Amino acid sequence: MGTIAQFLQSNSVDLSFQRAFYEDLHEHPELSGLERATAQRIEAMLERFRCEVITQIGGFGIVAIFRNGEGPTALMRADFDALPVKEDTGVPYASTRVQARPDGSTTPVMHACGHDMHTTALMGVCALLDASREHWKGTFIALFQPAEETGTGADAMVADGLARHIPKPDVCFGQHVMPGRAGEVQTMPGPQLAAANSIRITVTGRSAHGSMPHRAIDPSYLAAMIVVRLQGIVGREVDPNEFAVVTVGSLRSGTTNNIIPDTAEIVLNCRFYNEDVKRHVLRAIRRVVTAECEASGSPVPPQFEFFSHGELTDNSPTVYERVRPVFDDVFGADSVDSARSTVSEDFSHIPRALGVPYLFWLVGCTPRGVWDTAVANNTVGQDVPVNHMPTFLPDYEPTVAAATRAGAAAVLSYLGA
């Protein structure tokens with residue numbers, strides 16, 4: 001049994017504050033970029049620790065710097081924004097919040113992706129390390145990031161001078177709760193989460209009355225042809241041994257029944273594990289869209305807007321080889337191999353910008369009986385709530401304990417004395 005495992009098993013640090021903190025965050029979620037009250041809650045909680053707190057980095061981003069003599073520097077990140085989802089979990093602390101967007105519209109809001117759990121776990125890591133300084137040396141940085149769901153929060157913190165505010169870390173860590181046996185910690189080297197690009201494409205036609213289609217260039221028909229052709233890119237241009245997704249998430253055209261509109265909008269979401277495949281698919285999308293516009297006689301070239309970008313989360317084998325044995329000691333049979341996930345994250349933008357290696361792992365959060373039954377019946381996709389669903393809710397006790405201990409174990413694998 002390793003010394004880190006012994007420390008985590010025997011420590012007497014009071015983490016009971018986590019439950020109330022988690023339920024407060026869950027009941028009061030805020031949308032990406034609008035997390036003012038959530039940031040204030042985090043700042044207030046950090047006041048109990050001996051650390052330097054820097055706020056409002058890239059919007060509502062926060063860093064807490066725990067200095068403890070000479071030694072390495074390790075950074076761990078948690079995100080804290082929520083989603084425009086109406087909660088349907090039935091728990092006493094369920095969100096009933098409706099939040100206004102900048103455009104004046106309103107939407108129900110929910111922590112449907114587990115970011116409240118990430119924040120609670122990182123706060124627990126802060127408590128453990130702050131109260132146990134005799135067990136480690138160096139600098140620990142807790143980074144609380146807004147606006148992950150829009151893929152803008154990490155880049156905003158970097159652009160706002162994150163590197164000037166903190167000592168350069170030697171390693172960065174992050175984690176995410178996902179469907180799986182609650183309390184299992186899942187790790188792997190190499191690509192863990194897919195790279196993602198969202199693309200808004202506007203194609204232009206010529207408007208006319210619905211009774212005179214011969215006088216129009218119909219952008220709805222043009223957009224439909226593009227959607228059909230896009231499906232052939234992955235099916236016929238990507239090696240079957242590779243992975244790529246091109247999903248049409250939105251197709252909008254026209255406002256009434258008897259007018260052919262002058263434009264149509266197609267919104268795509270694309271995901272990859274391989275940069276060469278990514279470059280090929282993105283070039284192919286441009287080629288297909290441009291050719292279809294020319295074939296239809298579109299009067300202007302198509303417009304492409306890239307947004308909600310997430311780089312490939314590609315774990316350092318060296319960091320994995322250092323941390324995984326510690327996880328095995330700490331969690332025993334609950335330290336398991338991870339599988340690649342097609343979801344995406346902007347976590348890796350931070351260590352990429354800082355030029356340091358990183359490890360990002362997953363923590364199972366489904367009640368074990370529910371998960372095991374669903375696996376046995378081959379109904380995981382039907383019977384297990386997944387992230388972004390209105391019924392998604394981590395099994396609190398095993399999940400928060402595992403996420404807190406995993407964060408502390410990873411940091412101590414570099415800072416532990």
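Since this is a predicted model, take the numbers as computed values, not measurements.

Engineer: Even after reading the chapter, I still don't get the overall build of the chain, so can you show me in this structure?
Structural biologist: Of regular secondary structure, the chain possesses 13 helices and 18 strands. For 417 residues, the compact-globule formula gives about 22 Å, and the C-alpha radius of gyration of the chain, at 23 Å, lands near that figure. When the backbone C-alpha atoms are referred to their principal axes, the chain occupies close to 80 × 50 × 45 Å. Here the chain holds 417 residues, and the buried ones make up 53% of them. Of the contacts made within the chain by residues no fewer than 6 positions apart, 82% connect residues no fewer than 24 positions apart. When the accessible surface of the chain is totalled, it reaches about 17,700 Å², and 50% of it is carbon and sulfur.

Engineer: What is the right way to look at the environment of M157 in this model?
Structural biologist: Following the sequence through the fold, M157 ends up in helix α5 (residues 153-159). Separated by eleven residues in sequence, M157 and P146 have C-alpha atoms that sit 8.9 Å apart. Ignoring any residue separated from it by four or fewer positions in sequence, one finds M157 in contact with I57, G58, G61, I62, V63, L143, F144, Q145, P146 and L162.

Engineer: Is there a simple way to think about the nonpolar core in this case?
Structural biologist: A general tendency of soluble globular proteins is for nonpolar side chains to be buried together. L46, M123, F140, F144, F173, F327 and W361 are the most contacted members of the largest nonpolar core, which has 66 residues in total. Ranked by residue count, the leading element in this core is helix α13 (residues 396-415), at twelve residues. What M123 contacts, discounting residues up to four positions off in sequence, is F17, F21, I42, M45, L46, F49 and F144. With 24 residues, the next largest nonpolar core counts I199, A223, V246 and C270 among its residues.

Engineer: When you look at helix α9 (residues 317-331) in this model, what are you seeing that I'm missing?
Structural biologist: Its 15 residues place the ends of α9 20 Å apart at the C-alpha level, agreeing with the 21 Å of an ideal helix rising 1.5 Å per residue. The largest bend along α9 reaches roughly 25 degrees and is located at V323, with the proline P325 sitting one to four residues downstream. Within α9, the full set of buried residues consists of V319, Y320, V323, R324, V326, F327, V330 and F331. Packed against the buried residues of α9 are α1 (3-10), β7 (171-181), β8 (185-187), β17 (335-337), β18 (358-366) and α13. Phi for G332, located one or two positions after α9, is positive at around 60 degrees.

Engineer: Got a minute to help me understand the sheet that holds β17 in this structure?
Structural biologist: Strand pairing within a sheet occurs via backbone hydrogen bonds; the two strands may be parallel or antiparallel. Judged by pairing direction, the sheet is mixed, and its eight strands sit side by side in the order β1-β2-β6-β3-β7-β18-β8-β17 without closing on themselves. For this open sheet the edge positions go to β1 (52-57) and β17, each flanked by a neighbour on one side alone. Going from strand to strand, the sheet's axes swing by 25 degrees on average, the running direction of each strand aside. Both β7 and β18 contribute to a ladder of eight bridges, which runs parallel.

Engineer: Could you clarify how one ought to interpret the pairing of strand β10 (residues 195-204) in this entry?
Structural biologist: Of all ten residues in β10, eight are buried; the element is thus mostly enclosed. As judged from the ten bridges shared by β10 and strand β14 (residues 263-272), these two strands associate in the antiparallel manner. Within β14, the position partnered with R200 by the bridge is V267.

Engineer: What exactly am I supposed to notice about the pairing of strand β3 (residues 73-79) here?
Structural biologist: Looking down a regular strand, the side chains alternate between one sheet face and the other. Counted residue by residue, β3 has seven buried out of seven residues, so it is predominantly covered. Here β3 shows two buried faces, one formed by T73, L75, R77 and D79 and the other by A74, M76 and A78. Strand direction decides the pairing type here: β3 and strand β6 (residues 138-145), joined by seven bridges, are parallel. From the neighbouring strand, D79 faces β6, where its bridge partner is Q145. Bridge count for β3 against β7 is four bridges, and the pairing is parallel. Counted as the bridge partner of L75 is C172 from β7.

Engineer: Before we go on, may I ask you to explain the packing of aromatic side chains in this structure?
Structural biologist: Overall, the coordinates contain eleven aromatic pairs when judged by the stated rule. On the numbers, 5.2 Å between centres and 40 degrees between planes, the contact of Y22 with Y396 is tilted. Of the two residues, Y22 is situated in helix α2 (residues 17-27) and Y396 in helix α13; the sequence distance between them amounts to 374 residues. Exposure class is identical for Y22 and Y396. Each is buried. Ring geometry for F347 and Y358: centres 5.6 Å apart, planes at 80 degrees, overall edge-to-face.

Engineer: What should I look at first to understand the side chain of S298 in this one?
Structural biologist: Take S298: it is sitting in the loop between α8 (275-296) and β15 (303-310). From its side chain, S298 meets the backbone oxygen of T204 in a polar contact 2.5 Å long. Setting aside its immediate chain neighbours within four residues, S298 contacts T204, I217, L222 and C293.

Engineer: What is the right way to read the side chain of H349 from this model?
Structural biologist: Here H349 is to be found in helix α10 (residues 349-354). Accessibility expressed as a relative area gives 6% for H349, which makes it buried. Setting aside its immediate chain neighbours within four residues, H349 contacts A154, D155, V158, H309, G310 and E311.

Engineer: It is not clear to me how unusual backbone geometry should be interpreted in this structure. Could you clarify?
Structural biologist: Note: most peptide bonds trans; most residues except glycine with negative phi. Non-glycine residue S308 carries a positive phi angle of around 50 degrees. By the element assignment, S308 lies in strand β15.

Engineer: So what exactly am I meant to see when it comes to the sheet that holds β14 here?
Structural biologist: Across the sheet, four strands lie side by side as β12-β14-β10-β15; this open sheet has antiparallel pairing. Two strands in the sheet have a free side with no partner beyond their single neighbour: β12 (244-253) and β15. Each adjacent strand pair in this sheet contributes to an overall mean axis angle of 20 degrees, direction not counted. Summarising the sheet, β12 and β14 pair through nine bridges and their orientation is antiparallel. Bridge pairing in β14 links A244 to F272.

Reading the values: rules and limits
- Residues numbered from 1 in each chain as written.
- Predicted model: local features only at pLDDT ≥ 70, side-chain atom pairs only at ≥ 80, totals over all residues.
- Heavy atoms only, no water.
- Helix = DSSP H or I, 4+ residues; strand = E, 2+ residues; numbered from the N terminus.
- Rg over C-alpha atoms; globule rule 2.2 N^0.38 Å.
- Buried < 20%, exposed > 50% of the residue type's maximum accessible area, 1.4 Å probe, protein only.
- Contact = heavy atoms within 4.5 Å.
- Areas by Shrake-Rupley, 256 points an atom, 1.4 Å probe, with all protein chains shown as cover.
- Core = buried A, V, L, I, M, F, W, Y, C linked by side-chain atoms within 4.5 Å.
- Expected span 1.5 Å × (residues − 1).
- Bend = angle between axes of the 7 residues up to and from the residue.
- Pairing = 2+ DSSP bridges.
- Axes fitted to C-alpha atoms, helices over the stretch in contact; angles between N-to-C directions.
- Phe/Tyr/Trp six-rings, centres within 6.5 Å; stacked < 30°, edge-to-face > 60°.
- Polar contact = N/O pair within 3.5 Å; in protein donor to acceptor, adjacent residues only side chain to side chain.

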